[in-house]
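Commentary on secondary and tertiary structure
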Amino acid sequence: MTDRWKQMAAAVGDFYQNIGELPVSPNVTTSGIRAHLAERYGEFATPMSAEALQDDVLRMLSEWQVQPTHPRYFGLFNPSVHPGAVVADALVAVANPQMCVYSHAPGANEIERHTLRFLTRKLGGDPETWFASFTSGGSEANQSAVIVAMTRDLPDFARLGLTAGLPRPMIYLSAESHHSFEKIAHGAGIGRDALRVIPVDGTLRMDVNALAKAIAMDRASGRRPLMIVATAGTTGAGVVDPLVAIADLCREECLWFHVDAAWGGTACLSPRLKKAIAGIERADSITWDAHKWLSVPMGAGMFFCRHRDAVATAFAVDTSYMPPSTSGVDEPYVTGIQWSRRFIGLKLFMALAELGEEGYRSAIEHQARIGDMIRERLVSAGWRIVNDTPLPVVCFTGPALETGHMNAAAVVAGVQAKGVWISEVRISGCEPSLRACVTSFRTEPEDVDALMAALREFQ
Ligand SMILES: *Cc1c(COP(=O)(O)O)cnc(C)c1O
């Protein structure tokens, strides 16, 4: 093992240090990759030297993928990674703690608990009463919220499912919300039609009047409103739904208030940005991903829930083959979807411990400032910003796009060919637009210069 790590150390350091020199987008075909794998690896008949293998894998990772850790990746919510978090993930792989039973890994479970209690406080929750756990990602956290809410609202649901003759449960979310809920509604057996998609207003926020009307209509026709999902930082446009108004409506209507803050939850670590997500502390449950704006490697999501008892009911099982439960702690395998579970939380714990809260704050605010800079530069160059958020996602369009002289996909391809990664986005009520998100804490003003230079000819 020691030799392997020594051999890896230099290569890892080079990769991290020189990421900006790599092409941000791959230039390879599927058939090219398959031919290489068939030729080199075939039926795995000949063992390969560790050194040659590492070289080949590193080359594939360097050349055959979009580089999310590149400072010119103005991309989806995939971050650059803090070195401490990478080391943490490697240590987890070496020691391989089994998290599912507390008594198997009390140290690891307590490290996660300590980290999650800190983050619960940052969200404005009470760590003494709230439940919190690490998940594979935001999808699992959203799924957990739906399962727990259904279990709490419909007493027979756990045993009989929808065959209990229940009225149809309905989930309300905006046209800009995340599409994981379609798969979740499908899998939960309530069907994709249980999602009531509420239109957004001119600022891309959920229209609360339309929401109230939809709830009243559903009640009148015998359906059973269950949950409102507010998004804090939409995936397309980084916009935050009106959390306080939605929290008030949930209270009046006795509905579960879920906040999907997969990306935007991180704003709570910045005194300057946290007002953008005010109201999140009133949630019944919250989704927050560490593998997005908290800049740790995938996969690391988090699920927070005010109703500890409902979580325990939703995931309860009784077996003889598992070691006895420890009293006074959350046993992971009976409080979440996963069974065997990786020590997901160590990467966030180590990044937090090494950077401190202050280090995180400054990285987050740096990214927000770069976002502001992109907005200013675009506007002064004649582009038009189509989203409204203090968070670092900028959606924009320009004369050539608006008149139809250019299409967004062609601009995206042209900009990517110049070594800058942006994407196309379709947000409600707008023509296809361009989207640049500051996902890397390593993005600097010179990278914004490169973005502006790459965009120039497509205006
Ligand atoms: C990314 C995202 C998700 C899904 O999270 P994964 O970690 O990719 O499973 C859910 N909701 C929002 C708002 C997101 O941006």
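The immediate surroundings of the ligand are formed by 14 residues, with Gly138, Asp260, Asp289, His291 and Lys292 found nearest. The contact in question runs from a nitrogen atom of the ligand to an N or O atom on the side chain of Asp260, over 2.6 Å. In this structure, an oxygen atom belonging to the ligand sits 2.6 Å away from a side-chain N or O atom of Asp289. With the chains in place, 86% of the 380 Å² that the ligand exposes on its own is no longer accessible. In terms of residue count, the dominant contributor to the shell around the ligand is helix H6 (residues 138-153) (3 residues).

Under the counting rule described, the total for this entry stands at 0 disulfides. Left unpaired, Cys250 is separated from the closest cysteine sulfur, that of Cys254, by 9.9 Å. Look at Cys250 and you get buried, because its relative accessible area is 4%. Left unpaired, Cys437 is separated from the closest cysteine sulfur, that of Cys395, by 9.0 Å.

The next point concerns unusual backbone geometry. Omega for the bond connecting Met298 with Gly299 falls within 30 degrees of zero, at -10 degrees, which places this linkage in the cis form. Following the sequence through the fold, Gly299 ends up in the loop between strand E6 (285-289) and strand E7 (301-305). You will see that Asn96, though not glycine, has its phi angle at about 45 degrees, which is positive. Summarising the element assignment, Asn96 is placed in the loop between helix H4 (83-95) and helix H5 (106-123).

What follows covers the sheet that holds strand E11 (residues 433-437). Strand order in this open sheet of 4 strands is E8-E9-E11-E10, and the pairing throughout is antiparallel. Two strands bound the open sheet, and with one partner strand each, they are strand E8 (384-385) and strand E10 (423-425). Of the pairings in the sheet, the one linking E8 to strand E9 (residues 393-397) comprises 2 bridges and is antiparallel in character. Along E9, the bridge assignment pairs Ile385 with Phe396. Its contacts with the sheet place helix H12 (residues 346-380) against E8 and E9, and it is angled at close to 15 degrees to E9.

Turning to the side chain of Thr135, a few remarks are in order. Relative to the helices and strands, Thr135 is located in strand E1 (residues 131-135). A distance of 3.5 Å separates a polar side-chain atom of Thr135 from the backbone nitrogen of Met302. Not counting residues within four places of it along the chain, the set of residues in contact with Thr135 comprises Glu140, Ala141, Gly299, Ala300, Gly301, Met302, Phe303, Gln338 and Ile344.

Conventions and cut-offs
- Residues numbered from 1 in each chain as written.
- Predicted model: local features only at pLDDT ≥ 70, side-chain atom pairs only at ≥ 80, totals over all residues.
- Heavy atoms only, no water.
- Near = heavy atom within 4 Å.
- Polar contact = N/O pair within 3.5 Å; in protein donor to acceptor, adjacent residues only side chain to side chain.
- Areas by Shrake-Rupley, 256 points an atom, 1.4 Å probe, with all protein chains shown as cover.
- Helix = DSSP H or I, 4+ residues; strand = E, 2+ residues; numbered from the N terminus.
- Disulfide = S-S within 2.5 Å.
- Buried < 20%, exposed > 50% of the residue type's maximum accessible area, 1.4 Å probe, protein only.
- Pairing = 2+ DSSP bridges.
- Contact = heavy atoms within 4.5 Å.
- Axes fitted to C-alpha atoms, helices over the stretch in contact; angles between N-to-C directions.

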